[in-house]
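Survey of secondary and tertiary structure
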Amino acid sequence: MKRILDRINEPKDLRSLSVDELQRLAAEARELIVNTVSQTGGHLAPNLGVVELTIALHRVFEAPRDKIIWDVGHQCYVHKILTGRREAFPTLRKYGGLSGFPSRFESEYDVFGTGHSSTSISAALGMALGRDYRADDDSSVVAVIGDGALTAGMAFEALNHAGHMQRRLVVVLNDNEMSIAKNVGALSGYLTRLRTDPMYTRGKEELEELLQRIPAIGPRLLKWTLRVKDSLKYLVVPGMIFEELGFTYLGPVDGHNIPQLLNILKKAKAAEGPVIVHVLTTKGKGYKPAETNPDKFHGVGAFDVETGKVKKSGRVTYTEVFGRTLLTLAQEDERIVAITAAMTSGTGLAEFAKTFPDRFFDVGIAEQHAVTLAAGMAAEGLRPVVAIYSTFMQRAFDQVVHDVCLQRLPVVMALDRGGIVGDDGPTHQGIFDLSYLRLIPNLTVMAPRDENELQHMLKAAVDYSVPVAVRYPRGTGTGCPLDQDFREIPLGRAEVLREGRDATILAVGNTVEPSLEAAEMLAAAGIKAAVINARFVKPLDEECILTYARRSKQLFVVEENVVSGGFGAAVLELLAAKRQYDVHPHLIALPDAFLEHGSPSILREKYGLNAKEIAEKVRVELQRSRLRLAPTKI
């Protein structure tokens, strides 16, 4: 039987399908997503949970005239399939292929790029205000936000403003009781009561019908004073919080029942003011391994469809080393506590949470709160370690500046996914952290050369008693053996790994190993290059750097960070301050740009950060230098 999916080239094609055909389409979309993500990796469980919801949205609303904004954006796969990108879907997250997130550069249907959470309601309200400003447009604006993303402060700011403005706006709350892991917090508890308590799930229509049936006074109750109406709301009306914010609340509704979804979305579309549509979904729906372990299949690498087993390289990851090391340190130091922002498994803290439940704090998707919470704990003598992905720490920049560093509080910030992360693309590349952290006073910034050095740096960071950021990459390490005992790392001291007088390669973090490989290649060509593991971006080991820079005159600074304001910029500032005008510095870094998605190996080759490209850069620059210094022929 020919697939219904093959007949869907744009959303309007959905409007000719029967409900039975829509349900078959949902099954076909799930099959395509599972088979594709098993090869490319990606966000599986979130997308399986919104299949029927996406179909219903595109059946009721008329995209791209009606604007649908996906938050966080990792639930947009079905949306892409239904909006003309079905044939390209196998290229998902591959270099040159489809992005794993909505992208305004990819399709007119992707009306707003979303890679970080909790931005959709703000953007949707902005679009609604823009629509109303033109006064010639009756289109709808829809924000689809998960209950996990609703834990972030920005979402509440937007809800507050949207309720005040009273513009036509639909917010679809995709409630699957999950963000990446199980949701936490008071709001999560409130939504649970809406899902399970009959007093909460009774709709407004039922309330009105009940009052009408009360003899004699029933009809008058419906017209009673605002005070009585509000009192009744607190007792029986579902969605009280949203109603008080100025929204009309509709739901809860089964997010896998297409007829129910179509009915409630039509009501939402017809409403005059802001509407909340509360949709209950199951994360991982339709694929048993993902339903059973939704956090494992939230963002997953390639896996076997039959068994659900993820394909692994066998090497330990930086994240695993971080988690194990912190657990060991916490067993020795009762002051250590761990904090994460809805990323317990993703940051390697699952075992810590089990072992020390009273010393582990998952704050939900609230990075700003996480950092200031840590600052408060540090002020009381604890040693908080905040584990947050590099790209998400950008959201807490003000808190790092004012609440941690200005007060010199001993908070350790563990920045996972530093540098090129690859397939998730520009919203997730951790390529700005060395720049935005280096400029903050009182902050020590470290980056390990490998997974073994990470454990020593983490121990040192806890012991330094100053604000520290430890930045490490995504994925597996080099495969080097791990020391059983911790080694001391003196504050601000680099490590010379290889001697050589022709050139000096000063590398930091995961660029150290390819720099060593490059030095081997250069040695085979007769070029002797020293290699230094900087270890610290701040403070710099000025004596070591200046000594080797003066000796070779040719200094190559290598980092997996944008060139603007990063480690290389710090070295240039040092050379200028010390008036080292006869030293020729060369920066090998990422461009001042947002990096596209693609495997890290492809991107490192493209941007000159693998061993071969580093060696070639050194060879070419040394050759140019010799030509400049050669006597001119007459």
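The structure reproduced in this document is the subject of the present report. (Residues numbered from 1 in each chain as written. Predicted model: local features only at pLDDT ≥ 70, side-chain atom pairs only at ≥ 80, totals over all residues. Heavy atoms only, no water.)

Let us look at the overall build of the protein. Helix and strand content of the protein: 26 helices and 17 strands. By residue count, 56% of the 634 residues in the protein fall in the buried class. In the protein, 76% of the contacts between residues at least 6 apart in sequence involve partners at least 24 apart. Roughly 26,900 Å² of accessible area belongs to the protein as shown, and the carbon and sulfur atoms make up 52% of that amount. (Helix = DSSP H or I, 4+ residues; strand = E, 2+ residues; numbered from the N terminus. Buried < 20%, exposed > 50% of the residue type's maximum accessible area, 1.4 Å probe, protein only. Contact = heavy atoms within 4.5 Å. Areas by Shrake-Rupley, 256 points an atom, 1.4 Å probe, with all protein chains shown as cover.)

Take helix α22 (residues 512–524) next. When the terminal C-alpha atoms of α22 are compared, their 19 Å separation across 13 residues agrees well with the 18 Å that a helix rising 1.5 Å per residue should span. Every buried residue belonging to α22 is among Val512, Pro514, Ser515, Leu516, Ala518, Ala519 and Leu522, and all of these are buried. Positioned one or two residues after α22, Gly526 has a phi angle of 85 degrees, which is positive. (Expected span 1.5 Å × (residues − 1).)

Another point: the pattern of salt bridges. Applying the stated criterion across every chain, the model contains 37 salt bridges. For Asp138, the salt bridge goes to Arg65, with nearest N and O atoms at 2.1 Å. Residue Asp138 is located in the loop between α5 (120–134) and β2 (141–146), and its partner Arg65 is located in the loop between α3 (51–60) and β1 (67–71); the two are separated by 73 residues in the primary sequence. For Arg65, a relative accessible area of 42% translates into the label partly exposed. Measuring nitrogen to oxygen at the nearest pair gives 3.0 Å for the salt bridge that ties Glu573 to Arg438. Separated by 135 residues along the polypeptide, Glu573 in helix α24 (residues 567–577) and Arg438 in helix α20 (residues 433–438) bring together distant segments of the chain. Take Arg438: its relative accessible area is 15%, and that puts it in the buried class. (Salt bridge = Lys/Arg side-chain N within 4 Å of Asp/Glu carboxyl O.)

Tracing the backbone shows Glu291 in helix α14 (residues 288–292). Along the primary structure Glu291 and Leu48 are separated by 243 residues, whereas in three dimensions their C-alpha atoms are 9.1 Å apart. Not counting residues within four places of it along the chain, the set of residues in contact with Glu291 comprises Thr282, Lys283, Gly284, Lys285 and Gly286. Engagement of the side chain of Glu291 in a polar contact is seen with the backbone nitrogen of Gly286, the distance being 2.8 Å. (Polar contact = N/O pair within 3.5 Å; in protein donor to acceptor, adjacent residues only side chain to side chain.)

Asp71 connects to Val72 through a cis peptide bond whose omega is 15 degrees. Position of Val72 relative to the elements: it lies in the loop between β1 and α4 (77–85). The amide bond that connects Gly251 to the next residue, Pro252, takes the cis arrangement and shows omega of 0 degrees. A positive phi angle, close to 65 degrees, is found at Ser465, a residue other than glycine. Locating Ser465 in the fold gives a position in the loop between α21 (451–464) and β11 (468–471).

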